[in-house]
Amino acid sequence: MSDRKKHYLALVCPTLVDGMSQLADRQTPKLANVHIRARLTVQSGSDRYKICMSNPSLPKRNMPEANPPSAPTGFRIEKDSMGEREIPNSAYYGIQTLRAIENFPISGIKPLATYVDACLLIKKATAIANGELDCIPEDISQAIVQATHEILGGDLRDQFVVDVYQAGAGTSHHMNVNEVLANRALEILNDEKGNYARVSPNDHVNYGQSTNDVIPTAIRVGGILALEHSLHPALEGAIATLKTKAAEFQTVVRSGRTHMQDAVPVRLGENFRAWEYILTGHQARIKTAAQELAIIGLGGSATGTGLNTHPQYRFRVAEILSDYLQQPVTSAPHLMAAMQSMAPFVAVSSSIRNLAQDLVKISHDLRLLDSGPKTGLKEIQLPPVQPGSSIMPGKYNPVMAEMTSMVCFQVMGYDSAIALAAQAGQLELNVMMPMIAYDLIHSIEILGNTVEALDTKCLQGITAFPERCADYAEGSLALVTALNTHIGYLNAAAIAKESLETGKSLRQLVLERDLMSEATLNGVLNLQRMSQMPIEKS
């Protein structure tokens, strides 16, 4: 497991045991009495995680012993500005979430786990900051923090139910998070769900906040989390594999091909080294684009003016999020700009799309080089992972490369949607943020999963056919290019034409015409020398 993924697991729970070294508790001193214990279980293959958490205990002098979640039957009555509704007693969401469920039965797609994590980390940070600044009561602050711990650890994940296509700006999902945290906090305080006079989704969980500053911050945090636990580790693994394969295949000479036609010879190892450099460059560009994700508008409240917030609030939440993410998070110099502009998301999405475009090219190259086995190039063998046909026995297809292209096309589509949504804001708000959130984080994660799968199930197991590669290289008419400086371009073109018409080799024709000595010709047509890459300047 990568250090980044370990950190991602750690930030959702301060202490992890069973297989991981103890991590320092990153809770703020005021709330250091909230203790969490967890057990980590890693699944092989996808390396996804599960966190099993014990019930946190809080000293009784600070708050009452928390009641464990129960499974009551029946309904409770909740009220909002539009009236009253019955809510199942088993539900931790409330009336505004219920209205969203009814209003938006669109796709059946629920919020991504990473996006929920991002929202919870924000709510944890805001509860700590508002508690420290005496904006909300300390016991309520601690109860909200404990609720975020539990949910980040895996509890109540089924309570985030609003379709990704929902109310503009993400109000529905935001209130879903607020309501779940409020109701779990009420239970922790030995109160009943729905008693919002004690713990309010709006007045306490959402104190000093607005959908308009929370959601763009959640997209930023979610993007950082997705990059750190998914895409960057996958890219680093693939880059390392390509570097290994480049060394393994360095002496294998194959015919280059341009315009799908014969070209001068190249080293198979250099093909893999080129892909290594390509992915390395993309990772650097993604990291550069992602730097802006750490500049947040949280604290801007409804329109960027910071209405109903403490003067120190926006700086304190940035400090706490910096601690959680283990990278500097700063409050934007102009909160209104950070809330209105979707430019950071477009920049990251564009860098992801750019990577996807080259991954398509690489996956197509792999399929071509593996084509066959009898009537194609078959210069390499991709590892078979499953039978390839429902009717043709013994057939194996380059399915990992095929899957890679499909995912990359989807990522490109998401990028187009993000670009369109980013320009669709008006005045103080872009209402298309729910779609941007889903498309951006989903793009990062599916591309990360794809690169990891391509690496482990394809790249690492590739083998070469050196003799077949050499046969193609020796038989390529493009070898005549090396003769240009010795016999001239026109003579070389005539040799190539006659070779194609008669089937005679280039060597035979050059010697028949007495254009070069055999020793000189052998030196010029040395495939290893012809395919040698230029020496880098020291």
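Residues numbered from 1 in each chain as written. Predicted model: local features only at pLDDT ≥ 70, side-chain atom pairs only at ≥ 80, totals over all residues. Heavy atoms only, no water.

Engineer: Would you mind showing me how to read the overall build of the protein here?
Structural biologist: Across its full length, the protein carries 19 helices and 10 strands. Within the span of the protein, comprising 538 residues, buried residues form 52% of the whole. Taking the contacts inside the protein whose residues are at least 6 apart along the sequence as the reference set, 70% of them involve residues at least 24 apart. With the model as given, the accessible surface of the protein reaches about 24,000 Å², and the carbon-plus-sulfur share is 54%. (Helix = DSSP H or I, 4+ residues; strand = E, 2+ residues; numbered from the N terminus. Buried < 20%, exposed > 50% of the residue type's maximum accessible area, 1.4 Å probe, protein only. Contact = heavy atoms within 4.5 Å. Areas by Shrake-Rupley, 256 points an atom, 1.4 Å probe, with all protein chains shown as cover.)

Engineer: Sorry, what's going on with the pattern of salt bridges here?
Structural biologist: Any two side chains of opposite charge can pair, so long as their charged atoms come close to each other. Evaluated as defined, the whole model comprises 20 salt bridges. Shared partners join several salt bridges into a network, and the residues in it are Glu-150, Arg-184, Glu-187 and Lys-193. (Salt bridge = Lys/Arg side-chain N within 4 Å of Asp/Glu carboxyl O.)

Engineer: When you look at the packing of aromatic side chains in this model, what are you seeing that I'm missing?
Structural biologist: Within a pair of aromatic rings, the relevant descriptors are the distance that separates the centres and the angle that separates the planes. A complete count under the given rule lists three aromatic pairs for this structure. Arranged with centres 6.3 Å apart and planes meeting at 90 degrees, the rings of Tyr-414 and Tyr-438 form a pair that is edge-to-face. In this pair, Tyr-414 is assigned in helix α12 (residues 399-422) and Tyr-438 in helix α13 (residues 433-457), connecting sequence segments 24 residues apart. Accessibility classification places Tyr-414 together with Tyr-438 in one group, the buried group. Aromatic ring contacts, followed pair by pair, group Phe-249, Phe-272 and Trp-275 into a single cluster. For Lys-193, the ring lying beneath its charged end belongs to Tyr-92, and the centroid distance is 4.5 Å. Stacked on the ring of Tyr-472, the Lys or Arg Arg-257 has its end atom at 5.3 Å from the ring centre. (Phe/Tyr/Trp six-rings, centres within 6.5 Å; stacked < 30°, edge-to-face > 60°. Lys NZ or Arg CZ within 6 Å of the ring centre and 35° of its normal.)

Engineer: Is there a simple way to explain the environment of Ile-106 in this structure?
Structural biologist: Relative to the helices and strands, Ile-106 resides in the loop between α2 (95-103) and α3 (113-132). Remark: the alpha-carbon pair of Ile-106 and Gln-166, spanning 60 residues in sequence, is separated by 8.2 Å. Among all residues touching Ile-106, those that are not within four sequence positions of it are Asp-163 and Tyr-165.

Engineer: Even after reading the chapter, I still don't get unusual backbone geometry, so can you show me in this structure?
Structural biologist: Where the residue is not glycine, phi is negative for most of them; where a peptide bond is considered, it is trans in most cases. Note that the residue after Gly-372, namely Pro-373, is joined by a cis bond; omega there is 10 degrees. Of note, Pro-373 is situated in the loop between α11 (343-369) and β9 (380-381). The phi dihedral of Lys-378 falls on the positive side, at around 45 degrees, and the residue is not glycine. Within the fold, Lys-378 resides in the loop between α11 and β9. With relative accessibility at 10%, the residue Lys-378 sits in the buried group. The phi dihedral of Asp-514 falls on the positive side, at around 55 degrees, and the residue is not glycine. When you line up the elements, Asp-514 lands in the loop between α17 (506-512) and α18 (518-524).

Engineer: What am I meant to see in helix α7 (residues 211-248) here?
Structural biologist: Since one α-helical turn is 3.6 residues long, residues separated by three or four positions face the same way. The first and last C-alpha atoms of α7 sit 53 Å apart over 38 residues, in line with the 56 Å expected at 1.5 Å per residue. Bending of α7 peaks at approximately 45 degrees at the position of Leu-227. When you tally the buried positions in α7, you get 30 out of 38 residues, the bulk of the element. Put simply, Ser-210 is the residue that caps the front of α7, since its side-chain oxygen is 3.0 Å from the backbone nitrogen of Asn-212. (Expected span 1.5 Å × (residues − 1). Bend = angle between axes of the 7 residues up to and from the residue. Polar contact = N/O pair within 3.5 Å; in protein donor to acceptor, adjacent residues only side chain to side chain.)

Engineer: What should I look at first to understand the confidence of the model for the protein in this one?
Structural biologist: Of all residues in the protein, 86% attain a pLDDT of 70 or more, and the chain-wide mean is 88. Counting interchain partners and residues more than four positions distant, the pLDDT-below-50 stretch residues 12-65 has 125 contacts. (pLDDT = per-residue confidence, 0-100.)

Engineer: How should I be thinking about the packing of α7 against helix α8 (residues 268-290) in this particular structure?
Structural biologist: Contact geometry of α7 with α8 gives a least axis separation of 8 Å together with a crossing angle of 160 degrees. Overall, the two elements α7 and α8 adopt an arrangement that is roughly antiparallel. Between α7 and α8 lies a crossing of left-handed hand. Residues Leu-227, Leu-231, His-232, Leu-235, Glu-236, Ala-238, Ile-239, Leu-242, Lys-243, Lys-245, Ala-246 and Ala-247 of α7 lie in contact with α8, whose contacting residues are Gly-269, Phe-272, Arg-273, Trp-275, Glu-276, Leu-279, Thr-280, Gln-283, Ile-286, Lys-287 and Ala-290. A class-by-class count of the residues in the contact of α7 with α8 yields 13 nonpolar, four polar and six charged. (Axes fitted to C-alpha atoms, helices over the stretch in contact; angles between N-to-C directions. Parallel < 35°, antiparallel > 145°, perpendicular 65-115°, else oblique. Left-handed = near helix turned anticlockwise from the far one by under 90°. Nonpolar A, V, L, I, M, F, W, Y, C, P; charged D, E, K, R; others polar.)

Engineer: Explain the pairing of strand β5 (residues 253-258) here, please?
Structural biologist: Regular strands place side chains that alternate from one sheet face to the opposite one. Note: β5 against strand β6 (residues 261-267), six bridges, orientation antiparallel. Each residue of the ladder has a partner; that of Arg-257, found in β6, is Asp-262. Joining the antiparallel neighbours β5 and β6 is a turn of two residues, in which His-259 adopts a positive phi near 55 degrees. (Pairing = 2+ DSSP bridges.)

Engineer: Explain the side chain of Asp-439 here, please?
Structural biologist: As for its position among the elements, Asp-439 is in helix α13. No salt bridge forms around the buried Asp-439; measuring N to O, its nearest opposite-charge neighbour Arg-353 is 13 Å away. Setting aside anything within four residues of it in sequence, one finds Asp-439 in contact with Tyr-414, Ala-417 and Ile-418. (Lys, Arg positive; Asp, Glu negative; His and termini not counted.)

Engineer: How should the nonpolar core be read in this particular structure?
Structural biologist: Nonpolar side chains in soluble globular proteins generally cluster together in the buried interior. Counting 118 residues, the largest nonpolar core has Tyr-115, Ile-219, Leu-231, Ile-352, Leu-366 and Leu-447 as the members making the most contacts within it. Counting residues per element, this core draws most heavily on α7, which supplies 16 residues. The residues touching Leu-231, leaving out its near neighbours within four places in the chain, are Ala-226, Ile-286, Ile-352, Leu-355, Ile-444, Leu-447 and Gly-448. One finds Ala-496, Leu-521, Val-524 and Leu-525 within the second-largest nonpolar core, a separate group that totals 17 residues. (Core = buried A, V, L, I, M, F, W, Y, C linked by side-chain atoms within 4.5 Å.)

Engineer: Before we go on, may I ask you to explain the packing of α2 against helix α5 (residues 171-188) in this structure?
Structural biologist: Packed helices, taken two at a time, are described by the angle between their axes plus the distance between the axes. Put simply, α2 and α5 touch, their axes get as near as 8 Å, and they point 140 degrees apart. Handedness of the crossing formed by α2 with α5: left-handed. Here Ile-95, Gln-96, Thr-97 and Ala-100 of α2 lie close against α5, whose contacting residues are Ser-172, Met-175, Asn-176 and Glu-179.

Engineer: Where do I start with the environment of Arg-220 in this structure?
Structural biologist: As for its placement among the helices and strands, Arg-220 is situated in helix α7. Among the residues examined, Arg-220 registers a relative accessible area of 3% and is labelled buried. Remark: the alpha-carbon pair of Arg-220 and Leu-293, spanning 73 residues in sequence, is separated by 4.8 Å. For Arg-220, the residues in contact, after removing those within four places along its chain, are Glu-292, Leu-293, Ile-295, Ile-296, Ala-338, Ser-341, Pro-344 and Phe-345.

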